Amino acid sequence: MNRYPLWKNLLILGVILVGILFALPNLFSQNPSIEVTGARGLEVTDAGVDEIKAALENAGVEYRAIERREGGKLLVRFATSGDQLRGQEAIEGTLSDRYNSALTLAPDLPGFLRTLGLQPMFLGLDLRGGIHVLIDVDMDAAVDQALERYTGDIRTLLRKQKVRYLTVTRDRKRVKVKFRDARTRDQAEALIGTEFGELVLEGGDDGSAFFVYGSLTPTDEQAVKRFALEQNITTLRNRVNALGVAEPIIQRQGERRILVQLPGARDPGRLKEILGATATLEYRLVDTGHSVQDAVDGRVPVTSKLYQDRDGRPVLLLRRVIVTGDQITDAAAGFDQRSGQPAVFVSLDGQGARRMRKVTTENVGKPMAVVFIENRTLTRLVDGKPVKRKVRTEEVISVANILEPFGRRFQTTGLDSSNEAHNLALLLRAGALAAPIEIVEERTIGPSLGQDNINQGVRSVIIGFILVVLFMAGYYRVFGLVADLVLFVNLVMIVAVLSLLQATLTLPGIAGIVLTVGMAVDANVLIFERIREEIRNGSSPQASIHAGYEKALSTIVDANITTLIAAVVLFSFGTGPIKGFAVTLFIGIVTSMFTAILGSRALINLIYGGRRVGRLAI
Amino acid sequence: MQMRLLKDLKIDFMGRRREAMVFSAVLILIAIVALAMRGLNFGLDFTGGTLIEVGYEDAVELESVRAGLATGGLPDTTVQHFGTSRDVLIRIAPEAGNAVGSDLSDRVFSSLSAAAEGRVELRRVEFVGPQVGDELTEDGGLAMLYAILGILIYVALRFEYRFAVGSVIALVHDVLITIGLFALFRIPFDLPVLAAVLAVIGYSLNDTIVVFDRIRENFRKIRKGDAIAVINTSLNQTIARTLVTSFTTLLVLSALFIFGGEIIHSFALALIVGVVIGTYSSIYVASTSVILMGVSKADLMPVKKEGAELDSMP
């Protein structure tokens, strides 16, 4: 009696061993490190490695190791976070135009764990330090902007078609066109209907004047809002990437919010500067009439301007701008239908489209360039003091030949890869924010506070654990020791599952673990009290063990499911830290059912099972 | 012997149920009055506003911090020590209609940094816009409602509707008294505390379910005695487990309260209060409610017969 078949013991042992393996990476310390990437995603070359080494050595900063990482990144490990900060200053100070450096924590794992791709738990911002910003996108403004565009487009349409209107204005959520007589109005209504089929048109008059009202359908309004949110996310992501943060999180939250989390970032002021930067695009014709070399040598024609492309090659462009970025309404990556080459599809608003058509008709076969322009305020450390300055970046991101005249929608080919096409589409859309943004929530945790939180959290887990272990051993003796052992295994399993899922561990998450330590013994308490009861009722030790586990099972399941319900509600409602609490609570309850029921039974069976037992030490 | 302390008990729990009802009623009354008169001291998460925690290299006088803020043009702030005399917490109320919100923290830190000649470190910034705060308050209430509803459905399915109502009464009792205490002593009620209250809901239920489980089992097993006697037996059989589990949970929560740091303080406190009240309510409130609703043996008899009939149906 009370023996588990071999396979069951092996299965339990197997699960525990796998758990230990997954939990193992958490035992190794994490080095304060700097992740170095080439500017604009370029790989760091061997020469670059030497440059960075030299920069660190010149500044007298000691580093532990320099490693190559996937994607041409470089990881510089330091012994202390003080060295890490000085290291970043050294790299930023001398090499900031070519490299982005980001503070991060890198686990110092031995080779075999790294080969298996195992990672320690993902620490939340409150534990590792960093900046959390919640951004609200002004959706009404996005819709207003769309209507403003229609107002302009309708005005030009009517003027071009020689329809005599009095005024075209935006009247709250619709476009209002005023006419002197009903006949003109009907004529205009038909025209607008053909050109802008997506608008809902409605006629009206107030006795003296006649009107056409155009409004967006609810579906279109939703589409405008969705587009605004997506474009803002793309814009912000590009800007955050430029900031150089390891593992940034930028995601949509709800209907109109964007969450930006930057682990390891320390300067919220700088983040806000970057998020608030303005970037735009311009389309210009390439000056084919003059020599680029002459221009480089200083003889730039008055009608032209010398630019550089991203690799630093000079490009001579005409001063006259064809189209600017705020006339771009959409951009998407795809493939050219004829050649199969990667392409970017761009949509312009009415005004931009007309201008584009005119210029391209006159210049078929000639090259046209896309110029990327960015204004931002940069803060650099000069002699240890932050100095702000405004920087305007202008660079040519693409040059391609005009194959045929085009207007509202066109494609840009001549890109190297579909990846580049994708990036260009992103850049085009990221050119400007589609709607104004406002920071509605900010949480910054300094690195020292993060470390304090880890220390205090870990200390409470250990002390709580020891108290429970002592109490259980004293109260239930041998059975208590079994409960203690499985409680420890439960802790290992929680850590293993958290590491495996890479779920974010937060300070409330640690509190959840502490709480589970207290509650996980509950299952064992239920079982042991049952066993005691059976013994009091005169059952044999073996029968008591059997009945104790049997009878307690349904109670344990019922009791734990109610807590699981609370955990699920917490998870679905909660924001960051609360979610962390819910996750550990949930995982802790599930693993505790495995360890407290199956694990403890296996141990008890090994100790007492299959032999004559006089008394149970319970 | 000490180990025998909780064995073979024959306490007449239900005989004291009237005193318990009065006790609970008084507690709830105090809680409601405290909530109505004083209200909850909602933290930044719900009200919106700005909070900045800075750490100085040496102990610092609050006066000099205030002076530094005033020089930076920020006089309307609450300044207090946080944990140690080197850590300072600065709170700024949300400014209605003022758009600078998120830039405020930068201004605060730069003026402090200037005043302390850089010998100060930014430890934490929390800025919550008023609209976010309002949403959280609403979502928090909804979450509480959903948790209670989900549990009500589960218990009703697993047991019987009167047990479901009984467990929810115990639950509301625990939640009311816990947040009532927070209102009474004006302890800051922030997001983690809300999470703790939701965890209390889970814990309180956990306790109640274990008792109900035993009551159901005994209703089916014990042929003699009325409902009150059966419930008494059940409570005596489960009291050891109830106390042991509550005790271990309180052990770890005390560890969290003492060693977990300032941020987790009210969170741990809410849980401690909730666990104590939850333990009491699973013994007295839940069972008493079930008796008041007139549960009898017949209600909990296994429904095997119906199942057998169904099986034999064509």
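S.K.: What is the right way to look at the overall build of chain B in this model?
M.R.: Tallying secondary structure elements over chain B gives twelve helices and six strands in all. Looking at the 314 residues of chain B, the share that counts as buried comes to 46%. Nonlocal contacts in chain B, meaning residues at least 24 apart in sequence, comprise 80% of its contacts between residues at least 6 apart.

S.K.: In this structure, what is going on with the overall build of chain A? I would like to understand it.
M.R.: A tally of helices and strands in chain A yields 16 helices and 22 strands. Within chain A, buried positions represent 42% of all 618 residues. Taking all contacts inside chain A whose residues are at least 6 apart in sequence as the whole, residues at least 24 apart take part in 73%.

S.K.: Would you mind going over the sheet that holds strand S9 (residues 199-205) of chain A with me for this structure?
M.R.: Within a sheet, neighbouring strands are paired by backbone hydrogen bonds and run either parallel or antiparallel to one another. Residues and elements named next belong to chain A. In space, the four strands of this open sheet follow the order S7-S8-S10-S9, with antiparallel pairing throughout. Unpaired on one side and paired on the other, strand S7 (167-171) and S9 mark the two borders of the sheet. Strand after strand, the sheet turns through a mean of 25° between neighbouring axes, direction not considered. Across six bridges, the pairing between strand S8 (residues 174-179) and strand S10 (residues 210-216) is antiparallel. The residue bridging lysine 178 from the neighbouring strand is phenylalanine 211, located in S10. Set on the sheet, helix H6 (residues 139-160) makes contact with S7, S8, S9 and S10; between it and S7 the angle comes to about 170°.

S.K.: Sorry, what's going on with the environment of leucine 564 of chain A here?
M.R.: All names here are of chain A. One can find leucine 564 in helix H15 (residues 541-573). Note on leucine 564: 18 C-beta atoms within 10 Å, which makes it partly exposed. Leucine 564 sits 24 residues away from glycine 588 along the chain, and the two C-alpha atoms are 9.9 Å apart. Ignoring sequence-local partners within four residues, the contact set of leucine 564 consists of Phe586 and Ile589.

S.K.: Which parts of the structure should I look at to understand the interface of chain A and chain B?
M.R.: Reports of interface size often rely on the accessible area that becomes lost once the parts have come together. In this complex, chain A contributes 60 residues to the contact, which on the side of chain B involves 58 residues. Counting only elements with at least two residues in the side of chain A that touches chain B, the list comes to helix H9 (268-275), strand S21 (437-445), helix H13 (447-501), helix H14 (507-536), H15 and helix H16 (576-608) of chain A. The element best represented in the side of chain A that touches chain B is H14 of chain A, accounting for 16 residues. Partitioning the side of chain A that touches chain B into residue classes produces 33 nonpolar, 15 polar and twelve charged. Relative to strand S5 (residues 120-128) of chain B, S21 of chain A runs antiparallel, the two being bridged by five bridges. Looking at S5 of chain B, one finds that arginine 443 of chain A is bridged to glutamate 126 of chain B.

S.K.: Just to check I follow, could you spell out the sheet that holds S5 of chain B for this structure?
M.R.: The eight strands lie next to each other as S11(A)-S12(A)-S6(A)-S21(A)-S5(B)-S2(B)-S4(B)-S3(B), forming an open sheet whose pairing is antiparallel. At either end of the open sheet lies a strand with only one pairing partner, and these are strand S11 (249-253) of chain A together with strand S3 (78-82) of chain B. Neighbour-to-neighbour, the strand axes of the sheet open up by a mean angle of 20°, direction not taken into account. Relative to strand S12 (residues 257-263) of chain A, strand S6 (residues 130-137) of chain A is paired through seven bridges, and the arrangement is antiparallel. Its bridge partner being in S12 of chain A, isoleucine 135 of chain A is matched across the sheet by isoleucine 258 of chain A.

S.K.: Hey, could you run me through the domain arrangement of chain A in this one?
M.R.: Here chain A is described as being made up of domain 1 (6-25 + 447-608), domain 2 (30-108), domain 3 (140-221) and domain 4 (277-418). Spacing between the C-alpha centres of domain 1 of chain A and domain 3 of chain A amounts to 67 Å.

S.K.: I tried to follow the confidence of the model for chain B on my own but got confused; where do I start?
M.R.: Low-pLDDT stretches of the model should not have their predicted coordinates read in fine detail. Residue and element names in this part refer to chain B. Per-residue pLDDT for chain B has a mean of 83; in total, 89% of the residues score no lower than 70. Note that pLDDT drops below 50 for residues 96-100; the model gives that stretch zero contacts with residues more than four away or on any other chain. The low-confidence segment residues 304-314 (pLDDT under 50) makes zero contacts with residues lying over four places distant or belonging to another chain. The complex prediction reports pTM at 0.75, with the ipTM value standing at 0.86.

S.K.: Mind showing me how you'd approach the nonpolar core here?
M.R.: Core analysis: the biggest nonpolar cluster contains 139 residues, and Leu570 of chain A together with Leu198 of chain B have the highest contact counts within it. Ranked by the residues each element gives to this core, the list is headed by H13 of chain A, at 20 residues. Dropping the residues within four chain positions of it, leucine 570 of chain A is found in contact with Ile578, Phe581 and Ala582 of chain A together with Ala143, Ala195 and Leu198 of chain B. By size, the runner-up hydrophobic cluster in this structure holds 52 residues, among which are Ala146, Val168, Val175 and Val177 of chain A.

S.K.: I keep staring at the environment of valine 568 of chain A and nothing clicks. Help me out?
M.R.: Residues and elements named next belong to chain A. Relative to the assigned elements, valine 568 resides in helix H15. Valine 568 gets classed as partly exposed once you count the C-beta atoms within 10 Å, which come to 17. It is 31 Å that separates the C-alpha atoms of valine 568 and leucine 105, two residues lying 463 residues apart in sequence.

S.K.: Please clarify how the pairing of strand S14 (residues 304-308) of chain A should be interpreted in this entry.
M.R.: Every other side chain in a regular strand lies on the same face of the sheet, so the side chains alternate between the two faces. All names here are of chain A. Bridging between S14 and strand S15 (residues 314-324) involves five bridges; their strand directions are antiparallel. By the bridge assignment for S15, leucine 306 is matched with leucine 316. The loop that links S14 with its antiparallel partner S15 comprises five residues; one of these, glycine 312, has a positive phi angle of about 90°.

S.K.: Honestly, helix H10 (residues 285-292) of chain B in this entry has me stumped. Any pointers?
M.R.: Note: α-helices contain 3.6 residues per turn, so residues at a spacing of three or four share the same orientation. All names here are of chain B. Counting buried positions along H10 gives six out of eight residues, so the element sits mostly inside the fold. Considered for burial, the residues of H10 that qualify are Val285, Ala286, Ser287, Thr288, Ser289 and Val290. Of the surrounding elements, those touching the buried residues of H10 are helix H1 (17-37), helix H6 (161-184), helix H7 (191-221), helix H8 (227-259) and helix H9 (265-283). Of the residues trailing H10, glycine 294 is marked for its positive phi of about 75°.

S.K.: Where do I start with unusual backbone geometry in this structure?
M.R.: Comment: phi is negative for the bulk of residues other than glycine, and the bulk of peptide bonds are trans. Residues and elements named next belong to chain A. Notably, lysine 162 is not glycine yet its phi reads approximately 60°, a positive angle. Structurally, the position occupied by lysine 162 is in the loop between H6 and S7. Here lysine 162 falls in the exposed class, since 6 other C-beta atoms lie within 10 Å of it. With phi around 55°, glutamine 502 is a residue other than glycine that occupies positive phi space. Along the polypeptide, glutamine 502 turns up in the loop between H13 and strand S22 (504-505).

S.K.: Would you mind showing me how to read the packing of H15 of chain A against helix H5 (residues 130-158) of chain B here?
M.R.: Axis angle and axis distance: for two packed helices, these are the angle between their axes and the distance between the axes, and together they describe the pair. Running from N to C, H15 of chain A and H5 of chain B point in directions that differ by 155°, and their axes come no closer than 9 Å. Here H5 of chain B runs roughly antiparallel to H15 of chain A, going by the angle between their axes. Between H15 of chain A and H5 of chain B lies a crossing whose hand is right-handed. Contacts from Asp558, Ile561, Thr562, Ile565, Ala566, Val569, Leu570 and Phe573 of chain A in H15 of chain A reach Asp139, Leu142, Ala143, Tyr146, Ala147, Gly150, Ile151, Tyr154 and Arg158 of chain B in H5 of chain B. Grouping the amino acids of the contact of H15 of chain A with H5 of chain B by side-chain chemistry returns twelve nonpolar, two polar and three charged.

S.K.: Teacher, can you tell me more about helix H7 (residues 182-195) of chain A here?
M.R.: Residues and elements named next belong to chain A. Its 14 residues give H7 an end-to-end C-alpha distance of 20 Å, which sits within 8% of 20 Å, the value for a rise of 1.5 Å per residue. For H7, every residue scored as buried is listed here: Arg185, Ala188, Glu189 and Ile192. Around the axis of H7, the buried residues are gathered within 110° of arc, so they sit on the same side. Counted as exposed and oriented over 90 degrees from the buried face of H7: Arg183, Ala190 and Thr194. Where H7 is buried, its residues contact H6, S8, S9 and S10.

About the criteria used
- Residues numbered from 1 in each chain as written.
- Chains lettered and ligands numbered in written order.
- Predicted model: local features only at pLDDT ≥ 70, side-chain atom pairs only at ≥ 80, totals over all residues.
- Helix = DSSP H or I, 4+ residues; strand = E, 2+ residues; numbered from the N terminus.
- Buried ≥ 20, exposed ≤ 12 C-beta atoms within 10 Å, placed from the backbone.
- Contact = placed C-beta atoms within 7 Å.
- Pairing = 2+ DSSP bridges.
- Axes fitted to C-alpha atoms, helices over the stretch in contact; angles between N-to-C directions.
- Nonpolar A, V, L, I, M, F, W, Y, C, P; charged D, E, K, R; others polar.
- Domains from an automatic or database assignment.
- pLDDT = per-residue confidence, 0-100.
- Core = buried A, V, L, I, M, F, W, Y, C linked by C-beta atoms within 7 Å.
- Parallel < 35°, antiparallel > 145°, perpendicular 65-115°, else oblique.
- Left-handed = near helix turned anticlockwise from the far one by under 90°.
- Expected span 1.5 Å × (residues − 1).
- Arc of directions from axis to C-beta.

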